[in-house]
Amino acid sequence: MAEVSDRLNMVMRTQLAEFSNPFFLHLDYMAFEFAMLQLRMVAELIAFACLVAHGDVPEARSKKFREEHSAVVIFKKLALFHADYFPKPVSRVVLASGNMDIQPRPEGAITRQELQSLYTYCLKFLHRGRPAQIFAEERRKYDFDYIRESANKIAWLLDVHIINLVSGRVMLVDMNKDGKVSQEWHIPIPTPRGNAYPRA
C-alpha cells in the first residue's frame, strides 16, 4: 500500500492538465504514458493486496493465484470465492461518547469494475499500436481527464478503507496514519440500522 501511495503521487506530479512538468520536456504523450504505467502498476498492487489480505481463503493460496499477474484475472477469480473481497472506503467519526466509529464513505471511490476498465485502458495505450496505424501517421488521442479522475478515485477508495474477510474479521487500513500505512483488525458490531461496519 505504501508503494500504491508513491505511485499515485507520481501520477499527480505529471501535471497532466498543463503538461508543464519539465521532466517530460512538455511532451504530453510522455507524461500520459508515464501516468498510465503507474496506474497499471497501482491496479496490480491492489489486486495483489486483496490476494494477500484474503489468504484465509484456501484458493487464494493456490499455485494458479501465486503465478498470476493480471489484475483483471485476479479480481475475477477472487470474486468466485468471496464476493465481498474488494476494499470499501470508510471514514473515522468521533461519537458524542468520545468513541471512534467507522462509517461507509462510498461516494467518489473507484469501483472494482472501473478499476478493471482502467487497467485494460492502460494496457491498450501502453502498446505503440499496429504497423498500419504507425504508417498512416495516426495521432493517438489521450484522455487526460480520465486518467486524472481515475487517480483521484483510487486515492479516495484507499485513503481509509476496510476489507471484509470470509472469517468475519475486518481489516482496517489507513494509508496515512502518522505519516505511514497502518492496519488494524476489527470484529464487526451490528448496529440497529444493520450497519456491518466495525467500531474502532
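Residues numbered from 1 in each chain as written. Predicted model: local features only at pLDDT ≥ 70, side-chain atom pairs only at ≥ 80, totals over all residues. Heavy atoms only, no water.

Draft legend 1. Structural detail: the overall build of the protein chain. Of regular secondary structure, the protein chain possesses 7 helices and 5 strands. Each helix (α) and strand (β) of the protein chain, taken in turn from the N terminus, gives the series α-α-α-α-β-β-α-α-α-β-β-β. Here the protein chain holds 200 residues, and 40% of them are scored as buried. Just so you have it, the protein chain exposes about 11400 Å², and 57% of that area is on carbon and sulfur atoms. (Helix = DSSP H or I, 4+ residues; strand = E, 2+ residues; numbered from the N terminus. Buried < 20%, exposed > 50% of the residue type's maximum accessible area, 1.4 Å probe, protein only. Areas by Shrake-Rupley, 256 points an atom, 1.4 Å probe, with all protein chains shown as cover.)

Draft legend 2. Expanded view of the confidence of the model for the protein chain. Mean pLDDT over the protein chain: 78, with 78% of residues reaching 70 or higher. Within the model, the stretch residues 189-200 combines pLDDT values under 50 with 27 contacts to residues more than four positions away or in other chains. (pLDDT = per-residue confidence, 0-100. Contact = heavy atoms within 4.5 Å.)

Draft legend 3. A look at the nonpolar core. If you look at the biggest cluster of nonpolar residues, it comprises 43 residues, and the most contacted ones within it are Leu 39, Ile 46, Phe 75, Leu 115, Leu 118, Ile 147 and Ile 154. At the level of secondary structure, the elements contributing two or more residues to this core comprise helix 1 (2-13), helix 2 (28-53), helix 4 (71-81), helix 5 (112-125), helix 7 (144-158) and strand 4 (170-177). Considering each element in turn, this core owes the most residues, 12 residues, to helix 2. When neighbours within four sequence positions are excluded, Ile 154 is seen to be in contact with Leu 8, Leu 39, Val 42, Ile 46, Ile 110, Leu 115 and Leu 118. (Core = buried A, V, L, I, M, F, W, Y, C linked by side-chain atoms within 4.5 Å.)

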